[in-house]
Amino acid sequence: MASEQSGAEDEPPSLLWGLDPVFSAYARLYIKDILQIRESRQVPGIYFYKNHPLFQVDVLGTVVYKREREDFYCYGVDDSTGVINCLCWKDEKWRDQGDSVKGKGHGGVFNVEEQLRKLCEAQRSRCMLEIGDLLQVRGSLKTSREQREIMASSFYKVSDPVMDVQIARMLDMPQLYRDCYNKPFQVPCAELEAGTTDAGGASNIQSMLGQSVRILKEFLKVKEVPKFRPYDVEYLLHPLIRSPVSSTSTRQEATSVGPSFPTQVKNLLKETLKLLQREGEIFRKVLSPDELYHVTEQDKDLLAAIRDVIQEDSKREKYAEKGCHILHVLSSVRQRYSRNLSREALEVALKFLECNSDIISTTDSHYTVL
Amino acid sequence: MLPSPAVFHFLWEINTHLVEDGASVRTFAHLHHLGLFGRLRLTSYLPEESKAILTSHHASMQHQVSVQTTFVEPFDPIVGAQYVTLGEIDKAEGCSEAILRARVLNCVDGVDVALLQKAINEQRNFFKERDNEAGAQ
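What counts and how
- Residues take numbers from 1 onward in each chain, read along the sequence in its written order.
- Numbering of ligands from 1 and lettering of chains from A proceed in the order in which they are written.
- Local features are withheld for residues below a pLDDT of 70 in this predicted model, meaning they are given only at 70 or higher, and side-chain atom pairs are given and counted only at 80 or more; totals for whole chains, interfaces and linings count all residues.
- Only hydrogens and water are removed before side-chain values are computed, so all heavy atoms of the structure are retained for them.
- Numbering of helices and strands starts at the N terminus; helices are DSSP runs of H or I of at least 4 residues and strands are runs of E of at least 2.
- The span expected for a helix works out to 1.5 Å for each residue beyond the first.
- Residue exposure (1.4 Å probe, protein chains only): buried if accessible area is under 20% of the type maximum, exposed if over 50%, otherwise partly exposed.
- Within this document, salt bridges are pairs made up of a side-chain nitrogen of Lys or Arg and a carboxyl oxygen of Asp or Glu, the two lying within 4 Å of each other.
- Pairs of cysteine sulfur atoms within 2.5 Å are identified as disulfides in what follows.
- Only rings of Phe, Tyr and Trp enter the pairing, Trp through its six-membered ring, and a pair is recorded when the two centres are within 6.5 Å. The plane angle decides the type: under 30 degrees is stacked, over 60 is edge-to-face, the rest tilted.
- Strand pairing is defined by DSSP finding a minimum of two bridges between the two strands.
- Should any heavy atoms of two residues lie within 4.5 Å, those residues are considered in contact.
- Inter-axis angles, ranging from 0 to 180 degrees, are taken between N-to-C directions of lines fitted to C-alpha atoms, where helices are fitted over the stretch in contact.
- Here the angle decides the label: under 35 degrees means roughly parallel, over 145 means roughly antiparallel, 65 to 115 means roughly perpendicular, and every other value means oblique.
- Any residue outside Ala, Val, Leu, Ile, Met, Phe, Trp, Tyr, Cys, Pro, Asp, Glu, Lys and Arg is labelled polar, Gly included; the first ten of those are nonpolar and the last four are charged.

A. A look at helix α10 (residues 261-279) of chain A. All names here are of chain A. In a regular helix each residue adds 1.5 Å, so 19 residues correspond to 27 Å; α10 covers 27 Å between its end C-alpha atoms and thus fits that length. Those residues of α10 that sit buried are Q264, V265, N267, L268, L269, E271, T272, L273, L276 and Q277. Positive backbone phi, at 85 degrees, marks G280, one or two positions downstream of α10.

B. Structural view of the pattern of salt bridges. Residue and element names in this part refer to chain A. Overall, the coordinates contain 18 salt bridges over all chains when judged by the stated rule. Two residues, D133 and K157, come together in a salt bridge whose shortest N-O distance is 3.9 Å. Of the two residues, D133 is situated in the loop between α3 (112-127) and β7 (134-144) and K157 in strand β8 (residues 147-158); the sequence distance between them amounts to 24 residues. D358 is the salt-bridge partner of R307, the closest N and O atoms lying 3.3 Å from each other.

C. Examining the state of the cysteines more closely. On inspection of all chains with the given rule, the structure shows 0 disulfides over all chains. With no disulfide of its own, C74(A) lies 7.9 Å from the sulfur of C86(A), the closest cysteine sulfur.

D. Quick look at the packing of aromatic side chains. Residue and element names in this part refer to chain A. One pass over the full model with this rule turns up 14 aromatic pairs over all chains. For the ring pair W17 and F48, a centre distance of 5.5 Å and an interplane angle of 70 degrees mean the geometry is edge-to-face. Residue W17 is found in the loop between α1 (2-6) and α2 (31-36), and its partner F48 is found in strand β2 (residues 47-49); the two are separated by 31 residues along the sequence. For the pair shown, W17 and F48 are each scored as buried.

E. Just unusual backbone geometry, in detail. Residues and elements named next belong to chain A. At K50, a residue that is not glycine, the phi angle is positive and equals roughly 50 degrees. Its place among the elements puts K50 in the loop between β2 and β3 (52-54). The class of K50 is partly exposed, set by a relative accessible area of 43%. One non-glycine residue, E146, lies in the positive phi region at around 70 degrees. Its location among the elements puts E146 in the loop between β7 and β8. By relative accessible area, E146 is classed as exposed at 80%.

F. Summary view of the pairing of strand β4 (residues 51-58) of chain B. Relative to strand β5 (residues 61-68) of chain B, β4(B) runs antiparallel, the two being bridged by 8 bridges. If you follow T55(B) over to β5(B), its bridge partner there is Q64(B).

G. Layout of the environment of V137(A). Residue and element names in this part refer to chain A. Among the secondary structure elements, V137 is positioned in strand β7. With 20 residues separating them along the chain, V137 and K157 place their C-alpha atoms 9.0 Å apart. In this structure V137 touches V57, D58, V59, C86, I150, A152, S154 and F155, once residues within four positions along its chain are discounted.

H. Representation of helix α14 (residues 343-355) of chain A. Across its 13 residues, α14(A) extends 18 Å between first and last C-alpha, which sits within 8% of the 18 Å expected from 1.5 Å per residue. Every buried residue of α14(A) is listed here: R343(A), A345(A), L346(A), V348(A), A349(A), L350(A) and L353(A). Those residues of α14(A) that are buried lie in contact with α10, β10 (282-283), α11 (300-314), α13 (326-336) and β14 (366-368) of chain A together with α2 (113-136) of chain B. Looking one or two places after α14(A), you find S357(A), whose phi comes out positive at around 60 degrees.

I. Structural context of the packing of α11(A) against α14(A). All names here are of chain A. At a minimum axis separation of 10 Å, α11 and α14 run at an interaxial angle of 80 degrees. Overall, the two elements α11 and α14 adopt an arrangement that is roughly perpendicular. Contacts between α11 and α14 involve L302, L303, I306, R307 and I310 on the former and, on the latter, L346, A349, L350, F352 and L353. Grouping the constituent residues of the contact of α11 with α14 by class yields 9 nonpolar, no polar and 1 charged.

J. Local environment of the sheet that holds β10(A). Residues and elements named next belong to chain A. The strand order across the open sheet formed by 3 strands is β9-β11-β10, and the pairing between neighbours is antiparallel. Taken across any chain shown, the strands that pair with only one partner, and hence form the sheet edges, are β9 (227-228) and β10. Bridge analysis of β10 against strand β11 (residues 293-295) gives 2 bridges, and the strand direction is antiparallel. Each residue of the ladder has a partner; that of I282, found in β11, is V295.

So this is what it looks like as structure tokens:
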């Protein structure tokens with residue numbers, strides 16, 4: 001549980017990784033992405049494409065580099081988006097090829113040994129590739145000496161004389177990304193769903209989440225809270241969890257089957273805070289174990305920093321005509337105030353400033369002061 | 001240690017690319033990594049010079065590129081067949097035509113060219129879309 005806490009905001013807790021189908025599959029990613037995806041902060045050897053945890057990949061590409069060692073081959077594979085090293089272990093069986101040649105001379109008769117030898121030979125020949133051959137590799141991903149590589153668990157030469165394997169894959173990949181890898185992995189909902197055990201859980205969760213977001217927003221607004229920690233607001237969500245299981249009979253059921261009451265509240269709060277962050281209502285100035293959230297509209301220092309940036313930079317010739325672009329403001333404020341500020345939070349702050357007539361938008365993404 | 005990825009390009013893009021890039025980019029384009037795919041037909045092969053000419057038709061124009069085959073020899077040239085090649089573009093100073101130094105030259109005669117072009121374009125569009133999305137965020 002300790003490691004779970006230290007994980008980054010966008011990394012789902014490791015306990016839930018198994019719920020993502022991508023995790024147990026060989027992910028068919030572009031090599032470019034394989035080289036760029038970040039390693040998990042919780043468990044080394046696990047990588048994240050968006051928020052999908054994965055450690056095994058499936059790659060198809062042209063061999064452009066080759067090195068042979070006693071026990072393995074090292075192939076550089078190019079899929080036109082990137083090049084990655086693949087460590088392919090040689091099979092023990094290949095070593096004793098010498099004596100297997102004896103089995104000849106039984107012409108015409110079906111000889112199991114002979115057939116087996118042929119099979120091994122065929123297998124071996126498909127594992128020895130030259131530059132220019134097409135290679136299919138599946139294996140786990142690892143980073144050694146700052147370099148990503150694939151430890152092959154299976155690899156073979158693909159015969160593709162008219163490129164149809166390559167073409168089919170090229171046509172498949174964008175679709176696969178759109179349908180699967182680019183869709184966010186939403187475990188916590190499933191986890192919460194398991195907690196309620198009621199039928200129609202998913203919609204139940206959504207409405208509960210909607211309510212808790214509303215409650216929290218209302219609270220922050222009315223009380224003009226500038227910053228808070230999760231445990232400060234946890235009690236606000238208690239009525240939400242308690243109400244559906246108020247009758248004694250269902251309560252007994254829930255306690256025996258689902259997670260405990262505090263876990264449910266924690267999960268709900270976690271999701272709520274995530275949503276509020278995504279909307280830019282709140283943000284974390286620094287990512288530290290101490291979970292401190294700043295309320296965007298109440299953060300006087302943030303608002304001042306934004307105003308200053310726009311005020312100063314609008315004087316510069318470059319921005320004189322149109323004002324500062326939002327991305328410029330974002331990078332300046334990140335330098336000045338908090339590296340962790342999201343664009344959404346900045347947008348909320350800008351809107352707030354504009355409502356107060358502190359700044360003026362000239363286009364939908366440029367801001368200036370009078 | 002590993003070579004740069006060989007990005008898909010159509011043959012007719014090679015020379016236009018380099019011309020458009022202009023003088024300031026020429027040093028950069030001097031060694032340009034790419035894989036050449038598309039309707040490439042081997043039209044001639046001069047073994048003594050280690051040079052092959054690949055041609056391609058696009059928009060009723062014939063385009064061609066010279067391929068230096070030193071790295072892929074010996075190979076069995078089939079004149080008129082379709083090839084896929086992967087290598088570096090070298091554009092010497094003052095020379096109007098780019099030379100491709102092939103690292104891989106594979107015969108893929110019989111390839112469905114239209115489908116291959118579609119696949120290349122799909123892939124490009126996918127990355128373009130993604131870059132745009134990333135830029136917008």
